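# A look at the structure
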Amino acid sequence: MMKLYYHPLSTYSQKVLLALYEKGIEVEREVVNMMNPQKVEEYRNIYPLGRIPFLQVTDDHVIPESSIIIEYLEGHHQSGTKLITDGVDASRQVRFIDRMMDQYLLDPIGTLFFSSMKPEEQRDHERLDKMRFYLDVTYQHLNERFGENTWIMGEQFTMADCAAIPGLFYAPNIYPYNDYPNIQKYVERAKDRQSHRQLMEEVKPALEAWENAQK
């Protein structure tokens, strides 16, 4: 059985988990505590870059990076939801929006979150302003898309949605989208999907444990 190294609170891990749930694929899992330096060093023996998620297909076949993991799952498992649309142009669009969600939604949300844990004088305010700008542009773009589309690419749930949903889950407490009603409706639709409910069964206890540890 394939093995996924991940953490339930990691947005990029959540992206892969959504894909696994959408496709109904079972994998062995191992949580990597990225906040524990000793655990990270141990994990580097498996993946020297120490990043998650990381999929071990066999002893000599490993796949890093969330989008590439989903590409592998899509190419080798025909079950469940088709996450990359057929056709050269359509599939390219899915990959493009997936990439944009990584760069201009997930990364900015993560940057703002981790910066909030630092003392004010240690924060890079110029970089944080850039992250907020990226989010403003992304929110506007998504809000326009969701005025016409059920999901990011239309009526089909795709890899692009797997990328967007984790960032939008954390966003209300980091950089809210209160002025974007179509995004709010999209998030409510996402919550109704079985894959999202399965994801939350794992995320919420981990989030509560983390919040309690910060008190």
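Small disclaimer: the values here were computed from a predicted structure and weren't measured.

### Considering the overall build of the protein
Secondary structure assignment for the protein yields eight helices and four strands. Each helix and strand of the protein, ordered N terminal to C terminal, gives the series β-α-β-α-β-β-α-α-α-α-α-α. The globule rule puts the C-alpha radius of gyration for 215 residues at 17 Å, and the 17 Å found for the protein is close to it. For the C-alpha atoms alone, the extent of the protein along its principal axes is close to 50 × 45 × 30 Å. Sorting the 215 residues of the protein into buried and exposed places 46% on the buried side. Across the protein, contacts joining residues at least 24 apart in sequence account for 68% of those joining residues at least 6 apart. Computed over 24 positive and 33 negative side-chain charges, the separation of the two mean positions in the protein equals 1 Å.

### A look at the packing of aromatic side chains
According to the stated counting rule, one finds 14 aromatic pairs in the structure shown. An angle of 40° between the planes, with centres 5.7 Å apart, marks the rings of Y5 and Y43 as tilted. Here the residue Y5 occupies a position in strand β1 (residues 3-6), and Y43 occupies one in helix α2 (residues 37-44), the gap between them amounting to 38 residues. Under the relative-accessibility criterion, Y5 is labelled buried at 4%. By way of ring pairs, the aromatic residues Y5, Y43, Y47 and F54 are connected into one cluster. When the ring centre of F157 is taken as origin, the NZ or CZ atom of R193, which lies over that ring, is 4.1 Å away.

Calculation criteria
- Residues numbered from 1 in each chain as written.
- Predicted model: local features only at pLDDT ≥ 70, side-chain atom pairs only at ≥ 80, totals over all residues.
- Heavy atoms only, no water.
- Helix = DSSP H or I, 4+ residues; strand = E, 2+ residues; numbered from the N terminus.
- Rg over C-alpha atoms; globule rule 2.2 N^0.38 Å.
- Buried < 20%, exposed > 50% of the residue type's maximum accessible area, 1.4 Å probe, protein only.
- Contact = heavy atoms within 4.5 Å.
- Lys, Arg positive; Asp, Glu negative; His and termini not counted.
- Charge placed at Lys NZ, Arg CZ, Asp CG, Glu CD.
- Phe/Tyr/Trp six-rings, centres within 6.5 Å; stacked < 30°, edge-to-face > 60°.
- Lys NZ or Arg CZ within 6 Å of the ring centre and 35° of its normal.

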